[in-house]
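Tertiary structure, described
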Amino acid sequence: MSTITLFIIIWAVMAACFLALIAYQGQLTRYEEDQLFLSDNNSHEQILQQEIVRKVNRIGPAVRILGGLCGLLTMGIVGSFAWDAWTHIR
């Protein structure tokens, strides 16, 4: 198996994980509301919103890391193809 094929397989797996995390984050934030809870009679809604924010904050670093790694791998694959094309042209 060539190096490019291995890079593309790794990129595809990482991109699938990244897209799954983005979809999960979208599902979580679908029910998030922009409101302040100033009284105690809405404590149940406040607890639900805090739980949503906690989950989103927990997956935030993973989304940023996977997004960055996917971008770096994309640049590496494109660079490898460009280098290969340059060597064949010369």
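You'll find the structure just up there.
This is a predicted model, so every value here is computed, not measured.

1. Structural notes on the overall build of the protein chain
- When its secondary structure is counted, the protein chain shows 2 helices and 0 strands.
- Its C-alpha atoms give the protein chain a radius of gyration of 21 Å, more than 25% over the compact-globule value 12 Å for 90 residues.
- Its C-alpha atoms give the protein chain principal-axis dimensions of about 75 × 20 × 15 Å.
- Here the protein chain holds 90 residues, and 17% of them are scored as buried.
- A fraction of 79% describes how many contacts in the protein chain between residues 6 or more apart in sequence connect residues 24 or more apart.
- Here the protein chain displays about 7,000 Å² of accessible surface, and carbon together with sulfur accounts for 66% of that area.
- One finds the centroid of the 6 positive side-chain charges in the protein chain at a distance of 13 Å from the centroid of its 7 negative side-chain charges.

2. Quick notes on helix α2 (residues 43–89)
- The end-to-end C-alpha distance of α2, which contains 47 residues, comes to 68 Å, matching closely the 69 Å that a straight helix rising 1.5 Å per residue would cover.
- For α2, every residue scored as buried is listed here: Gln-49, Ile-52, Val-56, Ile-59, Gly-60, Val-63, Leu-66, Cys-70, Leu-73 and Ile-77.
- Looking at the packing, one finds that the buried side of α2 touches α1 (3–29).

3. Some thoughts on α1
- Spanning 27 residues, α1 covers 39 Å between terminal C-alpha atoms, matching the ideal 39 Å at 1.5 Å per step.
- Listed as buried for α1 are Met-14, Ala-15, Leu-21 and Leu-28.
- Buried residues along α1 sit in contact with α2.

4. Looking at the pattern of salt bridges
- Taken as a whole and judged by the stated rule, the model has 1 salt bridge.
- The closest approach of N and O atoms between Glu-51 and Arg-54, which form a salt bridge, is 2.4 Å. In this pair, Glu-51 and Arg-54 both sit in helix α2, 3 residues apart, roughly one turn of the helix.

5. So, the nonpolar core
- Ranked by size, the top nonpolar core spans 11 residues in total: Met-14, Ala-15, Leu-21, Leu-28, Ile-52, Val-56, Ile-59, Val-63, Leu-66, Cys-70 and Leu-73.
- Listing elements by their share of this core, those giving two or more residues are α1 and α2.
- Top contributing element to this core by residue count: α2, with 7 residues.

6. Description of a nonpolar patch on the surface
- Taken together, the side chains of Ile-65, Leu-69, Leu-72 and Met-75 define a hydrophobic patch exposed on the protein surface, amounting to about 420 Å² of accessible area.
- Position of Met-75 relative to the elements: it lies in helix α2.
- Classification of Met-75 as exposed rests on a relative accessible area of 57%.

7. Focus: the packing of α1 against α2
- At a minimum axis distance of 9 Å, the contact between α1 and α2 shows a crossing angle of 155°. Taken as axis vectors, α1 and α2 run roughly antiparallel relative to one another. α2 is crossed by α1, and the crossing has left-handed handedness.
- Grouping the amino acids of the contact of α1 with α2 by side-chain chemistry returns 24 nonpolar, 5 polar and 1 charged.

Rules of the game
- Residues numbered from 1 in each chain as written.
- Predicted model: local features only at pLDDT ≥ 70, side-chain atom pairs only at ≥ 80, totals over all residues.
- Heavy atoms only, no water.
- Helix = DSSP H or I, 4+ residues; strand = E, 2+ residues; numbered from the N terminus.
- Rg over C-alpha atoms; globule rule 2.2 N^0.38 Å.
- Buried < 20%, exposed > 50% of the residue type's maximum accessible area, 1.4 Å probe, protein only.
- Contact = heavy atoms within 4.5 Å.
- Areas by Shrake-Rupley, 256 points an atom, 1.4 Å probe, with all protein chains shown as cover.
- Lys, Arg positive; Asp, Glu negative; His and termini not counted.
- Charge placed at Lys NZ, Arg CZ, Asp CG, Glu CD.
- Expected span 1.5 Å × (residues − 1).
- Salt bridge = Lys/Arg side-chain N within 4 Å of Asp/Glu carboxyl O.
- Core = buried A, V, L, I, M, F, W, Y, C linked by side-chain atoms within 4.5 Å.
- Patch = residues over 30% accessible without salt bridge, like charges linked within 9 Å, V, L, I, M, F, W, Y side chains within 5 Å.
- Axes fitted to C-alpha atoms, helices over the stretch in contact; angles between N-to-C directions.
- Parallel < 35°, antiparallel > 145°, perpendicular 65-115°, else oblique.
- Left-handed = near helix turned anticlockwise from the far one by under 90°.
- Nonpolar A, V, L, I, M, F, W, Y, C, P; charged D, E, K, R; others polar.

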